[in-house]
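# Structural features, examined
Each chain, letter by letter, is given below.
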Amino acid sequence: QVQLVESGGGLVQAGGSLRLSCAASGRTFSNYAMAWFRRAPGKERSFVAAISWGSDSTYYTDSVKGRFTISRDNAKNTVYLQMNSLKPEDTAVYYCASQGGALIFTQPYRYDYWGQGTQVTVSS
């Protein structure tokens, strides 16, 4: 019903920046929440950031607060994750997720649709 495609991943040095994009297609809703999760090597998928599509409400996990910014472009049905001051511990596969409702959650099971993931590698 809804397809999500992430892009923008790559290899950067510590302290560098990267901008991830998540493009949505198919059936969409004006009030759904979207989020970014990541899966680091040898670890489970964990929450990074979320945004309510129809409002300015955002939430970040403590480890990225002040460095990452989640935003959206309603006309393009696209959500972004601007990542600054990257650290080696940010290395992970980053996933975009969409929720059918408007509330923001940090648990993966609360989200209905997922992208295929994009690799982010931070060296040094």
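Quantities reported herein were computed from a predicted structural model and do not represent experimental measurements. (Residues numbered from 1 in each chain as written. Predicted model: local features only at pLDDT ≥ 70, side-chain atom pairs only at ≥ 80, totals over all residues. Heavy atoms only, no water.)

### So, the side chain of Arg67
Its place among the elements puts Arg67 in the loop between strand 6 (58-60) and strand 7 (68-73). A distance of 3.0 Å separates the side chain of Arg67 from the backbone oxygen of Ser85, its partner in a polar contact. (Helix = DSSP H or I, 4+ residues; strand = E, 2+ residues; numbered from the N terminus. Polar contact = N/O pair within 3.5 Å; in protein donor to acceptor, adjacent residues only side chain to side chain.)

### Section: the pattern of salt bridges
Side-chain pairing between opposite charges can occur once the charged atoms of the two side chains come close. Counted by the stated rule, this structure contains two salt bridges. The partner of Arg38 in a salt bridge is Asp90, with the nearest N and O atoms 3.0 Å apart. Of this pair, Arg38 sits in strand 4 (residues 33-39) while Asp90 sits in the loop between strand 8 (78-83) and strand 9 (92-98), and the two are 52 residues apart along the sequence. Across the pair, exposure class does not vary: Arg38 and Asp90 are buried alike. For Arg67, the salt bridge identified is with Asp90, shortest N-O distance 2.8 Å. In this pair, Arg67 is assigned in the loop between strand 6 and strand 7 and Asp90 in the loop between strand 8 and strand 9, connecting sequence segments 23 residues apart. With relative accessibility at 12%, the residue Arg67 sits in the buried group. A relative accessible area of 1% places Asp90 in the buried class. The network of salt bridges with shared partners includes Arg38, Arg67 and Asp90. (Salt bridge = Lys/Arg side-chain N within 4 Å of Asp/Glu carboxyl O. Buried < 20%, exposed > 50% of the residue type's maximum accessible area, 1.4 Å probe, protein only.)

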